[in-house]
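# Architecture at a glance
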Protein chains: 2
Amino acid sequence: MQDNEANQAGQPRTEQSSVDEYPEELQSSQRSGERRDDNTIYIGRKSVSVYALAVVTQFNQGRPIVKLKARGRSISHAVDVTQVVMHRFIPTLKIGEIKITTEELPSEDGRMNKVSSMEIELSK
Amino acid sequence: MQDNEANQAGQPRTEQSSVDEYPEELQSSQRSGERRDDNTIYIGRKSVSVYALAVVTQFNQGRPIVKLKARGRSISHAVDVTQVVMHRFIPTLKIGEIKITTEELPSEDGRMNKVSSMEIELSK
């Protein structure tokens, strides 16, 4: 076990760390149409409404399953997205499998940081 | 749908709101032995290690299942707890059912605020 684990997916941070988020190009690819993983929405710092609308749009395009992926603090944000979609847009929304893992990401000084990540599967 | 939903389980907050957390007496009851729900650990603002040790203690006392409950921003914290327990203490930890819901809590001005909540079931 690495010694830096205590600062990994662990201790609360006072500011949102950049490793908490998926890269901007991954997030923005959701709009550009060049999606890496078609039905996956990467949750970052935008408002819950933005992601909720992205989910609704994916379903409206006929996808049977939409996945939310979030890291670190954005995990709470992803959960908020599911609740806004369910209570405001798609009352029949079903929350399927929820996967929790740890990702290792290189920090600026070259060391590996661990950060919790979550994937939530949604269907109508 | 209530109009204040946008500010509920939704929009990012710059500061941790008090409605995000389970009451302190509920959290501290985890140590006093007077537990409301024996195998449930309420995640608040303490460090991940504190909650991770609480999980390990519960398992060591022979409980087959331990539940984590968290609200709002503490949801990310709860996920961190699962990962620290798994990677540092109990490699065989199994993450069982994960429930996501919205709770309504009265705010200081008497209105009801909505906040996302999550329950994670853990077994060895």
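As a starting point, this report considers the structure included with it.

Definitions and cut-offs
Residues numbered from 1 in each chain as written. Chains lettered and ligands numbered in written order. Predicted model: local features only at pLDDT ≥ 70, side-chain atom pairs only at ≥ 80, totals over all residues. Helix = DSSP H or I, 4+ residues; strand = E, 2+ residues; numbered from the N terminus. Buried ≥ 20, exposed ≤ 12 C-beta atoms within 10 Å, placed from the backbone. Contact = placed C-beta atoms within 7 Å. Pairing = 2+ DSSP bridges. Expected span 1.5 Å × (residues − 1). Arc of directions from axis to C-beta. Axes fitted to C-alpha atoms, helices over the stretch in contact; angles between N-to-C directions. Core = buried A, V, L, I, M, F, W, Y, C linked by C-beta atoms within 7 Å.

### Points about the overall build of chain A
Along its length, chain A carries three helices and four strands. Counting from the amino terminus, helix and strand elements in chain A follow one another as α-β-α-β-α-β-β. Looking at the 124 residues of chain A, the share that counts as buried comes to 37%. Taking as baseline every contact in chain A between residues at least 6 positions apart, the subset at least 24 positions apart corresponds to 70%.

### Section: the pairing of strand 3 (residues 94–106) of chain B
All names here are of chain B. The sheet contact formed by strand 3 and strand 4 (residues 112–123) spans 11 bridges and is antiparallel. Across the sheet, the residue bridging to Glu104 is Lys114, located in strand 4. The antiparallel hairpin formed by strand 3 and strand 4 contains five residues in its connecting segment, where Gly110 sits at a positive phi of about 90°.

### Some details on helix 2 (residues 48–60) of chain B
Residue and element names in this part refer to chain B. A rise of 1.5 Å per residue sets the reference length of helix 2, with its 13 residues, at 18 Å; its end C-alpha atoms lie 18 Å apart and thus fit the reference within 8%. Here helix 2 has its buried residues at Val48, Tyr51, Ala52, Ala54, Val55 and Gln58. Taken around the axis of helix 2, the buried residues stretch over an arc of 155°, which confines them to a single face. One or two positions beyond helix 2, positive phi appears at Gly62, with a value near 95°.

### With respect to the sheet that holds strand 4 of chain B
Residue and element names in this part refer to chain B. Within the open sheet, the four strands sit side by side as 1-2-4-3. Their pairing is mixed. Strands with a single pairing partner mark the edges of an open sheet, and in this sheet they are strand 1 (40–42) and strand 3. Across the sheet, the mean angle from the axis of one strand to that of its neighbour is 20°, orientation sign disregarded. Running over the sheet, helix 3 (residues 74–89) touches strand 2 (65–71), strand 3 and strand 4 and is turned about 155° from strand 2.

### Observations regarding the nonpolar core
One finds Val55, Ala78 and Val81 of chain A together with Val55, Ala78 and Val81 of chain B to be the most contacted residues of the largest nonpolar core, which totals 46 residues. Ignoring any residue separated from it by four or fewer positions in sequence, one finds Val55 of chain A in contact with Ile41, Val66, Val81, Val85 and Leu122 of chain A.

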